[in-house]
Amino acid sequence: MKKIEAIIREEKLNDVKEALKKIGIVGMNISEVRGHGRQGGIVLEGRVGTYQVDMLPRLQFNIVLSDHNVEKTVATICDAAGSGKPGDGLIFVYPVENVIRIRTGERGRAALTYPDDIDARREAGIVAGVLQPEP
Ligand SMILES: Nc1ncnc2c1ncn2[C@@H]1O[C@H](COP(=O)(O)OP(=O)(O)OP(=O)(O)O)[C@@H](O)[C@H]1O
Ligand SMILES: [Mg+2]
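These numbers come from a predicted model, not from an experiment.

Reading the values: the criteria
- Numbering of residues starts from 1 in each chain and follows the order in which that chain's sequence is written.
- Think of it this way: whatever chain is written first is A, whatever ligand is written first is 1, and the rest follow in order.
- The predicted nature of this model means local features are confined to residues of pLDDT at least 70 and side-chain atom pairs, given and counted, to a pLDDT of 80 or more, with totals for whole chains, interfaces and linings taken over all residues.
- Only DSSP runs of H or I reaching four residues or more are called helices, and only runs of E reaching two or more are called strands; each is numbered from the N terminus.
- Based on C-alpha atoms, the radius of gyration is set beside the globule rule, defined as 2.2 Å times the residue count to the power 0.38.
- Any residue with 12 or fewer other C-beta atoms within 10 Å of its own C-beta is exposed, any with 20 or more is buried, and the rest are partly exposed; the C-beta atoms used are placed from the backbone.
- The contact criterion used here is simple: two residues whose C-beta atoms, placed from the backbone, lie within 7 Å are in contact.
- Between N-to-C directions, angles span 0 to 180 degrees; the directions come from axes that are lines fitted to C-alpha atoms, helices contributing only their stretch in contact.
- Left-handed describes a crossing whose near helix is turned anticlockwise from the far helix by less than a right angle; the clockwise case is right-handed.
- Only Asp, Glu, Lys and Arg are considered charged in this grouping, and only Ala, Val, Leu, Ile, Met, Phe, Trp, Tyr, Cys and Pro are considered nonpolar; every other residue, Gly among them, is considered polar.
- We treat two strands as partners when DSSP finds at least two bridges between them.
- Note on terminology: a nonpolar core is a set of buried residues of type Ala, Val, Leu, Ile, Met, Phe, Trp, Tyr or Cys, with members joined through C-beta atoms within 7 Å.
- To estimate the expected span of a helix, count its residues, drop one, and scale the result by 1.5 Å.

Colleague: Looking at this structure, how should I read the overall build of the protein?
Modeller: For the protein, the helix and strand inventory stands at three helices and six strands. Helices and strands appear in the protein in the N-to-C order β-α-β-β-β-β-α-β-α. A globule of 135 residues ought to have a C-alpha radius of gyration of about 14 Å, yet the protein, at 18 Å, is considerably larger. Taking the principal axes of its C-alpha atoms as reference, the protein extends roughly 65 × 35 × 20 Å. Within the protein, buried positions represent 14% of all 135 residues. Put simply, of all contacts in the protein between residues at least 6 apart along the chain, 71% involve residues at least 24 apart.

Colleague: Can you help me understand the packing of helix H1 (residues 13-23) against helix H2 (residues 70-81) in this one?
Modeller: Packed helix pairs are specified by the crossing angle of their axes together with the interaxial distance, meaning the distance between the axes. Running from amino to carboxyl end, H1 crosses H2 at an angle of 145°, the nearest separation of the two axes being 9 Å. Crossing of H1 over H2 shows right-handed handedness. Residues Asp 15, Val 16, Ala 19, Leu 20 and Ile 23 of H1 pack against Lys 72, Thr 76, Ile 77, Asp 79, Ala 80 and Ala 81 of H2. Its residues placed into classes, the contact of H1 with H2 shows seven nonpolar, one polar and three charged.

Colleague: Explain unusual backbone geometry to me, please; I cannot follow it from the model alone.
Modeller: Peptide bonds are, in most cases, trans, and in most cases residues other than glycine have a negative phi. Although it is not a glycine, Asp 116 sits at a positive phi angle of roughly 60°. Relative to the helices and strands, Asp 116 resides in the loop between strand E6 (90-95) and helix H3 (118-127). Judged by C-beta crowding, with 10 C-beta atoms within 10 Å, Asp 116 ranks as exposed.

Colleague: Looking at this structure, I do not really get the sheet that holds strand E5 (residues 56-65). What am I missing?
Modeller: Backbone-to-backbone hydrogen bonds join strands into a sheet, with any given pair of strands oriented parallel or antiparallel. The four strands lie next to each other as E2-E5-E1-E6, forming an open sheet whose pairing is antiparallel. Here the strands that pair on one side only, and so sit at the sheet edges, are strand E2 (29-35) and E6. Adjacent strand axes in the sheet meet at a mean angle of 25° when their direction is disregarded. Contacts from H2 reach strand E1 (2-8), E5 and E6 within the one sheet, and its direction differs from that of E1 by about 5°.

Colleague: Explain the nonpolar core to me, please; I cannot follow it from the model alone.
Modeller: Considering soluble globular proteins, one finds that nonpolar side chains tend to be buried as a cluster. The biggest cluster of nonpolar side chains holds 14 residues, and the ones touching the most others in it are Ala 6, Ile 8, Val 16 and Phe 61. Elements with a minimum of two residues in this core: E1, H1, E5 and H2. For this core, the element with the most residues is E5, which contributes four residues. Sequence-distant contacts of Val 16, that is, excluding residues within four places in its chain, are made with Ile 8, Phe 61, Ile 77, Ala 80 and Ala 81.

Colleague: Is there a simple way to think about the pairing of strand E4 (residues 49-53) in this case?
Modeller: Every regular strand shows the same layout, with side chains that alternate between the two sheet faces. Little of E4 is tucked away: zero of the five residues are buried. Bridging between strand E3 (residues 42-46) and E4 involves five bridges; their strand directions are antiparallel. Looking across to E4, one finds that Leu 44 is bridged to Tyr 51. Counting the residues that bridge the hairpin from E3 to E4 gives two residues.

Colleague: Would you explain H2 in this entry?
Modeller: For an α-helix, the turn length of 3.6 residues means that residues three or four places apart are oriented alike. Across its 12 residues, H2 extends 16 Å between first and last C-alpha, which sits within 8% of the 16 Å expected from 1.5 Å per residue. Contacts from the buried residues of H2 go to E1, H1, E5 and E6.

Rendered as structure tokens:
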């Protein structure tokens, strides 16, 4: 299992949310963060001169998912969150040791399955003979 932590522009929230929904990513959480990357923020023109805003607001998507769903999810976020300009954000991928669903005690992948999610759709495709099972 992996955790994807994607830092994106606030105005890309809906595009990213919709794109993830489309590929069947269900479980996620987001938080508001502030930070800067290589440029160290931006310089703004005020009435009394210029000033530096060094911690800019961004949104962070946290998604824990199976290893085999990482690349498709990363590509989807890059596509939906990108404007081509500096400050589009970063995606971090971490290993995850375990996930426990509190209500049922399910662990690992079992705690990460949702009706009609990316895996359920893939498996439905395999059953329908459209896709080949993964090796
Ligand atoms: N090394 C880092 N660790 C944690 N968060 C970071 C790191 N670098 C950037 N961030 C977060 O990502 C946000 C977006 O960074 P940004 O897109 O400016 O990255 P960059 O590396 O400067 O790329 P670009 O050149 O496209 O601007 C920052 O506002 C900050 O919240
Ligand atoms: Mg930057």
